[in-house]
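What the coordinates show
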Amino acid sequence: MRGIVFDIAHLLAGSMVLLSFLLLYQNRLYALLNMFALQAFVLALSVAWQAYIQAAPHLYVTAGIALFFKALLIPVALHRMIRRLGIHREVETVVGVGPTMLAGMSLVALSMAVMLQATSNADFLAQEDLAFALAVVLLGLLIMVTRRNAVSQVVGFMSLENGLVLAATGAKGMPLVVEISVAFSVLIAFIVIGIFLFRIRERFDTVDVHALDRFRGERE
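We now turn to the structure provided with this report.

Conventions adopted
Residues numbered from 1 in each chain as written. Predicted model: local features only at pLDDT ≥ 70, side-chain atom pairs only at ≥ 80, totals over all residues. Heavy atoms only, no water. Helix = DSSP H or I, 4+ residues; strand = E, 2+ residues; numbered from the N terminus. Contact = heavy atoms within 4.5 Å. Areas by Shrake-Rupley, 256 points an atom, 1.4 Å probe, with all protein chains shown as cover. Buried < 20%, exposed > 50% of the residue type's maximum accessible area, 1.4 Å probe, protein only. Polar contact = N/O pair within 3.5 Å; in protein donor to acceptor, adjacent residues only side chain to side chain. Core = buried A, V, L, I, M, F, W, Y, C linked by side-chain atoms within 4.5 Å. Axes fitted to C-alpha atoms, helices over the stretch in contact; angles between N-to-C directions. Parallel < 35°, antiparallel > 145°, perpendicular 65-115°, else oblique. Nonpolar A, V, L, I, M, F, W, Y, C, P; charged D, E, K, R; others polar. Expected span 1.5 Å × (residues − 1). Patch = residues over 30% accessible without salt bridge, like charges linked within 9 Å, V, L, I, M, F, W, Y side chains within 5 Å. Salt bridge = Lys/Arg side-chain N within 4 Å of Asp/Glu carboxyl O. Phe/Tyr/Trp six-rings, centres within 6.5 Å; stacked < 30°, edge-to-face > 60°.

Another aspect to go through is the overall build of the protein chain. Counting its secondary structure elements, the protein chain contains 8 helices and 0 strands. For the protein chain, long-range pairs separated by at least 24 residues make up 77% of all intrachain contacts whose partners lie at least 6 apart in sequence. Accessible surface for the protein chain amounts to roughly 10,800 Å². Of this, 68% is attributable to carbon and sulfur atoms.

What follows is the structure in structure tokens.
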């Protein structure tokens, strides 16, 4: 029974890493948002499973927050924002998909090597989950730095935050008040980012950060 518990926890955490790679691979905004919603759904399942195996009922609240806000509310809102702004539907990247995926695999290997070594005295389940969580965080950062479109960078930021939540729950959770505060901080940040996207689009007629550099005098 204990082996099955570990296997399911590792399957869910590993699925989040896989979905991070699929986020890196997407070249269409709508597909990117759908993949993020799926990652958030898997995060909710992972947190709910941790709540079960840790006998920590407050983590069910965290799972509900992830499901409602990240898997449903935010992706739907971003879909509508893209339609209202008339944003170009393709995700423009700084480098090609091949080098990006290779960099992603290197970051996952680094996460495994560093975290398994740093947590050698920790519980085996926590070790694996923390390694997966660090990989999700680093892949979220990679999405942010390899995408030119501001919306895709927002998705990278939220994917990074998914990794932080996975790490917190895998390491025996955190107080409920902290989880709720983090969730609402992310929601507020999303609202502020949305307002800025509308203002940027209104002023410069683009949300491509590479193109915005030219407005402040920076050219290739």
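Alright, that's what it looks like, and here's the rest.
As a further point, take the environment of Asn-149. Topologically, Asn-149 is positioned in the loop between α5 (124-146) and α6 (150-170). On the basis of relative accessible area, Asn-149 is assigned to the buried category, the value being 6%. Linking Asn-149 and Leu-29, residues 120 residues apart in sequence, is a C-alpha distance of 9.3 Å.

Moving on to the side chain of Ser-159. Inspection of the secondary structure assignment puts Ser-159 in helix α6. Within polar-contact distance, the side chain of Ser-159 engages the side chain of Gln-39 at 3.2 Å. Discounting chain neighbours no more than four positions away, the residues touching Ser-159 are Ser-20, Leu-23, Phe-36, Gln-39, Val-136 and Gly-140.

Here we come to the nonpolar core. Membership of the largest hydrophobic core comes to 49 residues, with the highest contact counts inside it found for Val-17, Leu-23, Leu-43, Leu-78, Leu-139 and Val-155. Going through the elements one at a time, α1 (2-25), α2 (29-54), α3 (58-85), α4 (97-118), α5 and α6 are the ones with two or more residues in this core. Apart from the residues lying within four places of it in its own chain, the contact partners of Leu-23 are Leu-32, Met-35, Phe-36, Gln-39, Ile-143, Arg-147, Val-155 and Ser-159.

Moving on to the side chain of Thr-146. On the secondary structure map, Thr-146 appears in helix α5. Exposure remark for Thr-146: the relative accessible area of 7% places this residue in the buried category. For Thr-146, the side chain forms a polar contact with the side chain of Arg-147, separated by 2.9 Å. Once residues lying within four places of it in the same chain are set aside, the contact partners of Thr-146 are Leu-24, Glu-92, Thr-93, Val-94, Val-95 and Thr-100.

The next point concerns the packing of α2 against α6. To characterise two packed helices, one gives the angle between the axes of the helices and the distance between these axes. Relative orientation of the contacting elements α2 and α6 amounts to 10 degrees, with a least axis distance of 10 Å. Between α2 and α6, the angle is such that the two are roughly parallel. Across from Leu-29, Leu-32, Leu-33, Phe-36, Gln-39, Ala-40, Leu-43, Ser-46, Val-47, Gln-50 and Gln-54 in α2, the residues of α6 making contact are Val-151, Ser-152, Val-155, Met-158, Ser-159, Asn-162, Val-165, Leu-166, Thr-169 and Gly-170. Partitioning the contact of α2 with α6 into residue classes produces 12 nonpolar, 9 polar and no charged.

The next subject is the environment of Leu-45. Here Leu-45 shows up in helix α2. Through-space distance from the C-alpha of Leu-45 to that of Ala-63 is 6.9 Å; in sequence the pair is 18 residues apart.

Helix length check: α2, at 26 residues, gives a terminal C-alpha distance of 37 Å against a target of 38 Å (1.5 Å per residue), a fit within 8%. Among the residues trailing α2, Ala-55 stands out with phi positive, at a value near 55 degrees.

Our next topic: unusual backbone geometry. At Ala-55, a residue that is not glycine, the phi angle is positive and equals roughly 55 degrees. The residue Ala-55 is located in the loop between α2 and α3 in this model.

To continue, consider a nonpolar patch on the surface. On the surface, a nonpolar cluster with roughly 590 Å² of combined accessible area is contributed by Leu-38, Phe-41, Leu-45, Leu-67, Phe-68, Leu-72 and Leu-73. Considering every element that reaches the nonpolar patch, the biggest residue donor is α3, with 4 residues.

Moving on, we get to α6. In an α-helix, one turn spans 3.6 residues, which is why side chains three or four residues apart end up on the same side. Taking 1.5 Å of rise per residue, 21 residues should cover 30 Å, and α6 covers 30 Å from first to last C-alpha, within 8% of that figure. The buried count for α6 comes to 18 of 21 residues, which makes it a mostly enclosed element.

Within the secondary structure, Gly-98 is located in helix α4. On the basis of relative accessibility, which here comes to 41%, the residue Gly-98 falls in the partly exposed class. Separated by 73 residues in sequence, Gly-98 and Tyr-25 place their C-alpha atoms 8.9 Å apart.

This model, assessed by the stated rule, comprises 2 aromatic pairs. Note on Trp-49 and Tyr-52: the rings are 5.2 Å apart at their centroids and 35 degrees apart in plane angle, and the pair reads as tilted. Here Trp-49 pairs with Tyr-52, and both are found in helix α2, just 3 residues apart, close to one helical turn.

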